[in-house]
Amino acid sequence: MSTFDYSVFWEETIKQVKNEFEKDGKNSDFVMWIAPINYCSSSQNELTLSVPSTFFSDQLKTRGFLNVLKAKMTELTGQDIRIKTIISKVTASDIKETTSTSSSEKKTENTVSESTPVDFHHPLLKEEYTFDKFVKGDNNSFAYNAALAISKNPGKAYNPVLIYGGVGLGKTHLMQAIGNEIFTKSGGKMKIIYITAENFTNEFIQSISNNKMTAFKNKYRKADVLLIDDIHFFKSKDGTQEELFHTFDALYNSNKQLVFTCDRPLSEIKNISDRLRSRFERGLNVDLTPPDFETRQAILNKKLEGKNVKIPKEVVQLIAKNISSNVRDLEASLTKLIAYSELIGKDVTLEIAQQQLKDTFGSPKQGNISIETIQKVVAEYNSISFVDLKGKKRTKNIVFPRQLAMYITKELTEYSTTEIGAEFGGRDHTTVMHSIEKIEEDIKADPSLKQTIDILKRKIYEFKKQ
């Protein structure tokens, strides 16, 4: 093996990533998005991989899988590895082969048609999250303009700013657009930190355990821009709130920019300390609401720019009409149709779109459903009290409905297992994962349970509309 032959490291990367995806229940993502990638060549600190299409390459970046691969390669090699992709046309048999063989076993007989270097820009931010790629509409124009103003004059225009709204409405996109814009205009000189509230909490706890609090404080209190996603996760975490309070003051008093996102208004977040709440409320609070029909169409058309797949106007209108919940669901539906066209080799028609998206259009996931709604419906259906379902009791008639509620919550919402556990009596995320696995096993043993779950989902959706 020559000095810069990373093929062995690539094989180990694929092996470890596959194990991690399977552990997280994401085996289908591995099969669809990781397995089709082929190792081509390597040079100093650079790895060249081949992928089936430009669309496939875009999805690897959008879904964060390239960052996963880069991080794992860097971890294994001890060097900062840059990844470059090249586009290779594949046949149907090639695609079929990717699901049953590892990338190191695949034959590469395809000619390279295009070379696309992947530039990661700021390592913590998605490069596609820019203002140019954010579709502005009546539902988000105030938040968009505020974010743009912040990026032009960080620490002075509006500080702090809180962007709130339901799942998939563009909060993270706007927040990271601020970071990307500032990073670009400063020539990479400004220290920008983006982190989720859950990861901030985990890092804080780990720093205490490892006696590295000084390093933790220095990292965050010396930032020029601090972007924290999903601050609703901080509720009831007194120690983390205390640290964030002091970090907030240190940055605010130094005219450093602070940006936060949340899935609801501050008034609806319980167990947040008054002094931290007052800090969040000190600046500008802006909300994002679901996009209207015209904006939904514009979002879909924006997503189609640069794609080599033709999606008829009536198909775009069909998606925009049937999906009104959030941007994420809109994009997911379009992505499915693009993937269908790419992999099957057929143009998308109105009939194909209706067939491929029938489950999505009928899903109760078309709307932001609260955990409390799920708990109330499941409790009532099983003739137990809402309090007991959330509480500590472990009698058989309560444990099973509780597991059922956790399973449905994971299916219908975007909450993490840690957040779900917090809403079910402060249980650990491993308890939630065990509950989900238990219900999955029960469904295999008793198919009628699936019908019960479907009934509960319909009741939850009906309850939400009341």
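Now for a look at the structure at hand. Sequence positions are assigned chain by chain, starting from 1 and proceeding in written order. Totals for whole chains, interfaces and linings use all residues, but because this is a predicted model, local features are given only for residues with pLDDT of at least 70 and pairs of side-chain atoms are given and counted only at 80 or more. Only hydrogens and water are set aside; all other atoms, that is, all heavy atoms of the structure, feed into the side-chain values.

1. A word on unusual backbone geometry
Most peptide bonds take the trans configuration, and most residues that are not glycine carry a negative phi.
Part 1 of the argument: Cis peptide bonds are those with omega within 30 degrees of zero, and the linkage from Asn 159 to Pro 160 qualifies with -5°.
Part 2 of the argument: Position of Pro 160 among the secondary structure elements: in the loop between helix 6 (141-152) and strand 5 (161-165).
Part 3 of the argument: Backbone geometry places Asn 211, a non-glycine residue, at a positive phi of 55°.
Part 4 of the argument: Inspection of the secondary structure puts Asn 211 in the loop between helix 8 (197-209) and helix 9 (213-221).
Part 5 of the argument: Throughout, exposure labels follow a simple rule: accessible area from a 1.4 Å probe, protein chains only, divided by the maximum for the residue type, with under 20% read as buried, over 50% as exposed, and the rest as partly exposed. A relative accessible area of 71% places Asn 211 in the exposed class.
Part 6 of the argument: Positive phi, close to 55°, is recorded for Ser 383, a residue that is not glycine.
Part 7 of the argument: With respect to the helices and strands, the residue Ser 383 is situated in the loop between helix 17 (371-381) and helix 18 (386-390). A helix here means a DSSP run of H or I that spans at least four residues, while a strand means a run of E at least two residues long, and both kinds are numbered starting from the N terminus.

2. Quick notes on the pattern of salt bridges
Part 1 of the argument: Salt bridge, as used here, is a side-chain nitrogen of Lys or Arg placed within 4 Å of a carboxyl oxygen of Asp or Glu. Overall, the coordinates contain 17 salt bridges when judged by the stated rule.
Part 2 of the argument: Between Lys 185 and Glu 181 there is a salt bridge whose closest N-O contact spans 3.5 Å. Here Lys 185 and its partner Glu 181 are both found in helix 7 (residues 171-185), 4 residues apart, which amounts to about one turn of the helix.
Part 3 of the argument: Residue Glu 181 is classed as partly exposed on the basis of its relative accessible area of 24%.
Part 4 of the argument: Put simply, Glu 20, Lys 72 and Glu 75 are held in one network by salt bridges that share partners.

3. Brief notes about the sheet that holds strand 9 (residues 284-288)
Part 1 of the argument: By definition, two strands form a pair when at least two bridges between them are found by DSSP. Here 5 strands make up an open sheet; going across it, the order is 6-7-8-5-9 and the pairing parallel. With one partner strand each, in any of the chains shown, strand 6 (192-196) and strand 9 form the two edges of the open sheet. Pairwise comparison of adjacent strand axes, ignoring direction, gives a mean angle of 15° for this sheet.
Part 2 of the argument: Any pair of residues with heavy atoms lying within 4.5 Å of one another is described as a contacting pair. Under this scheme, a helix contributes an axis fitted over its contacting stretch, all axes are lines through C-alpha atoms, and angles between N-to-C directions fall in the 0 to 180 degree range. Seen against the sheet, helix 10 (residues 238-252) touches strand 7 (225-229) and strand 8 (257-262) and runs at an angle of roughly 140° to strand 8.

4. What about the side chain of Lys 457?
Part 1 of the argument: Relative to the helices and strands, Lys 457 is located in helix 22 (residues 448-465).
Part 2 of the argument: According to the relative accessible area criterion, Lys 457 is buried, its value standing at 15%.
Part 3 of the argument: In the analysis that follows, any N or O atom pair within 3.5 Å is treated as a polar contact, provided that within protein one partner can donate a hydrogen and the other can accept it, and provided that, for residues neighboring in sequence, both atoms belong to side chains. Here the side chain of Lys 457 touches Glu 411 through a polar contact of 2.4 Å, side chain to side chain.

5. Some points on helix 6
Part 1 of the argument: By this rule the span expected of a helix is its residue count minus one, scaled by 1.5 Å. Across its 12 residues, helix 6 extends 17 Å between first and last C-alpha, which sits within 8% of the 16 Å expected from 1.5 Å per residue.
Part 2 of the argument: Where helix 6 is concerned, the buried positions are Ala 143, Tyr 144, Ala 146, Ala 147, Ile 150 and Ser 151. Seen end-on, helix 6 carries its buried residues on one side only, within an arc spanning 165°. In this context, the arc is that of the directions from the helix axis out to the C-beta atoms.

6. So, the packing of aromatic side chains
Part 1 of the argument: Here a Phe, Tyr or Trp ring, Trp counted by its six-membered ring, pairs with any other such ring whose centre lies within 6.5 Å, and the pair is stacked when the planes are under 30 degrees apart, edge-to-face when over 60, and tilted otherwise. Going through the model one piece at a time under the given rule, you end up with 14 aromatic pairs.
Part 2 of the argument: Judged by centre distance (5.7 Å) and plane angle (90°), the rings of Phe 131 and Tyr 144 are edge-to-face. Remark: Tyr 144 occurs in helix 6 and Phe 131 occurs in the loop between strand 4 (112-117) and helix 6; sequence separation between them is 13 residues. Summarising the burial analysis for this pair, Phe 131 and Tyr 144 share the class buried.
Part 3 of the argument: Chaining the aromatic ring pairs together yields one cluster made of Phe 200, Phe 204, Phe 216, Tyr 220 and Phe 234.
Part 4 of the argument: Over the ring of Phe 233 we find Lys 237; its NZ or CZ atom is 4.1 Å from the centre of that ring.
Part 5 of the argument: A ring is considered to have a charge above it if a Lys NZ or an Arg CZ atom is located within 6 Å of its centre and within 35 degrees of its normal. Of note, Arg 275 hangs over the ring of Phe 245, and the distance from its end group to the ring centre comes to 3.9 Å.

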